[in-house]
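Reading the structure
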Amino acid sequence: MSNTTPKRILLIGGGSGIGHAIAAAALERGDQPVIGARDPQHTASTLPEALRDVPIVHADLADEYTLVDLQQRGPFDAVVSLAAASANGPIDALDRTAIHNAFDAKVAGPLLLAKHLHGSMRPGGVFVFFSGVAAWKPAPGLSVMATVNGAVAFMAEALAVELAPVRAVAISPGIIDSGLWDFMGDDGKRDFFEATAAANPARRVGTPADIVGAVLLAVDNTFITGTTLHVDGGGHLG
Ligand SMILES: NC(=O)c1ccc[n+]([C@@H]2O[C@H](COP(=O)([O-])OP(=O)(O)OC[C@H]3O[C@@H](n4cnc5c(N)ncnc54)[C@H](OP(=O)(O)O)[C@@H]3O)[C@@H](O)[C@H]2O)c1
């Protein structure tokens, strides 16, 4: 199915996992995805064949100059920020630099993205920021991720008001089989996914396609702003 008016969708941190799935779905429906990556050459070398024609631009949420440069790539209908930097671990082992990197990826960087790109948004345009279920379902060792993901939800509310009529939406995924958990190995991942599925109301883990649907809803429905879409199988509930 193709749109009559292709949408220009910038995917910051879109060079892996869920970003690949959004880019593929955007292409499929006739939109124009652009991937923003810290290392465009490396990202190009790891793109699946179906995405080989998607432009890749330099974008590092910890480097404001790269965000200013993105203005020349506009205008955009959607700017989606998928980046995350892990700072997991018990409180006694927290590292200041890792905490800063986590905030740069999900909070400070996206705020600066909004600063530099809000003037490059087409009418009806939206910033989509990635949060995550850890904010609503805290667990030992995940305090930094819970904190930054929670901040993302409030950032979407604040920016929806400040940037209006440009929109701002947060997406909060649950556990998604995006490749992020492959480091656990087959057995570890299977056990983790089974435990996750048993504990959430949907009784399964999510797929990248589940998240793609929510992102495209946020892009297309211009009456959605200032809210968090929980796409977590109900995992944020008690
Ligand atoms: N998958 C899940 O189960 C899950 C659950 C809850 C929330 N989420 C959230 O969903 C989002 C996407 O997740 P995913 O599974 O697709 O993870 P992913 O594959 O690790 O994607 C994260 C991307 O962020 C990029 N990145 C990190 N720091 C950056 C920076 N400073 N500037 C620009 N890009 C940066 C990484 O690029 P590099 O190659 O440069 O490192 C990577 O491509 C994340 O925000 C994650 O927290 C995912």
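Residues numbered from 1 in each chain as written. Predicted model: local features only at pLDDT ≥ 70, side-chain atom pairs only at ≥ 80, totals over all residues. Heavy atoms only, no water.

Observations regarding the nonpolar core
Grouped together as the largest cluster of nonpolar side chains are 30 residues, with contacts concentrated most on Ile-22, Val-80, Phe-130, Ile-171, Ile-211 and Val-215. For this core, the elements supplying multiple residues, two or more each, are β1 (8-12), α1 (17-28), β2 (32-37), β4 (76-81), β5 (121-130), β6 (167-173), α7 (208-220) and β7 (227-231). Of the residues forming this core, the biggest block, seven residues, is contributed by α7. Residues contacting Ile-171, with those up to four places away along its chain left out, are Val-128, Phe-129, Phe-130, Ser-131, Gly-132, Ile-211, Ala-214, Val-215, Leu-229 and Val-231. Of all hydrophobic cores here, the second largest spans 28 residues; its members include Leu-10, Val-57, Ala-160 and Ala-170. (Core = buried A, V, L, I, M, F, W, Y, C linked by side-chain atoms within 4.5 Å. Buried < 20%, exposed > 50% of the residue type's maximum accessible area, 1.4 Å probe, protein only. Helix = DSSP H or I, 4+ residues; strand = E, 2+ residues; numbered from the N terminus. Contact = heavy atoms within 4.5 Å.)

Focus: the site of the ligand
Residues in close proximity to the ligand total 23 residues, the closest being Ser-16, Arg-38, Leu-82, Ile-176 and Ser-178. Within the side chain of Arg-38, one N or O atom sits 2.7 Å away from an oxygen atom of the ligand. A distance of 2.8 Å separates an oxygen atom of the ligand from a polar atom in the side chain of Trp-181. Summarising the interface, the protein chains cover 84% of the accessible area of the ligand, which totals 890 Å² for the free molecule. Class assignment of the residues belonging to the shell around the ligand gives a composition of 13 nonpolar, seven polar and three charged. (Near = heavy atom within 4 Å. Polar contact = N/O pair within 3.5 Å; in protein donor to acceptor, adjacent residues only side chain to side chain. Areas by Shrake-Rupley, 256 points an atom, 1.4 Å probe, with all protein chains shown as cover. Nonpolar A, V, L, I, M, F, W, Y, C, P; charged D, E, K, R; others polar.)

Side note on the sheet that holds β4
Spatial ordering of the open sheet is given by β3-β2-β1-β4-β5-β6-β7, a layout of seven strands whose pairing is parallel. Looking at strand neighbours, the two that pair on one side only are β3 (56-58) and β7, the edges of this open sheet. Pairs of neighbouring strands in the sheet enclose a mean axial angle of 25°, with direction left out of account. Pairing geometry for β4 and β5, over five bridges, is parallel. In the sheet register, Val-80 faces β5, and the bridge partner there is Val-128. (Pairing = 2+ DSSP bridges. Axes fitted to C-alpha atoms, helices over the stretch in contact; angles between N-to-C directions.)

Brief notes about the confidence of the model for the protein
Predicted confidence across the protein gives a mean pLDDT of 97, with 99% of residues reaching 70 or more. Within the protein, helix α6 (residues 185-199) has the poorest average pLDDT of any element, 97, and β6 the best, 99. (pLDDT = per-residue confidence, 0-100.)

Observations concerning the side chain of Thr-196
Examined against the element boundaries, Thr-196 turns out to sit in helix α6. Among residues more than four places away in sequence, those in contact with Thr-196 are Ile-175 and Val-205.

A look at empty space enclosed by the protein
Summary: where empty space remains is shown by rolling a probe the size of a single water molecule over the atoms. Going through the model one piece at a time under the given rule, you end up with one cavity of 30 Å³ or more. If you add up the space inside the largest cavity, you get close to 30 Å³. In this structure, the largest cavity is lined by Ser-81, Leu-82, Ala-83, Ala-105, Lys-106, Pro-110, Phe-129, Phe-130 and Val-152. Among the secondary structure elements, those contributing two or more residues to the lining of the largest cavity are α4 (96-117) and β5. Tallying contributions element by element places α4 first for the lining of the largest cavity, with three residues. Here the residues of the lining of the largest cavity sort into seven nonpolar, one polar and one charged. (1 Å grid on protein atoms, 1.4 Å probe; cavity = no way out; pocket = protein on both sides within 12 Å on 5 of 7 lines; lining within 4 Å. Points joined across faces, edges and corners; volume = space filled by probe spheres on them.)

What to know about the pattern of salt bridges
Close approach of charged atoms allows side chains with opposite charge to pair. One pass over the full model with this rule turns up eleven salt bridges. Across the pair Lys-7 and Asp-220 runs a salt bridge, and its minimum N-O distance is 2.8 Å. A residue pair is termed long-range when its members are at least 10 positions apart, and Lys-7 in the segment before β1 and Asp-220 in helix α7 qualify at 213 residues. Given a relative accessible area of 36%, Asp-220 falls into the partly exposed group. In this structure, Asp-182 engages Lys-189 in a salt bridge whose closest nitrogen and oxygen atoms are separated by 2.9 Å. Overall, Lys-189 belongs to the buried group, its relative accessible area being 18%. What you see here is one network of salt bridges that share partners, running through Lys-7, Arg-29, Asp-31 and Asp-220. (Salt bridge = Lys/Arg side-chain N within 4 Å of Asp/Glu carboxyl O.)

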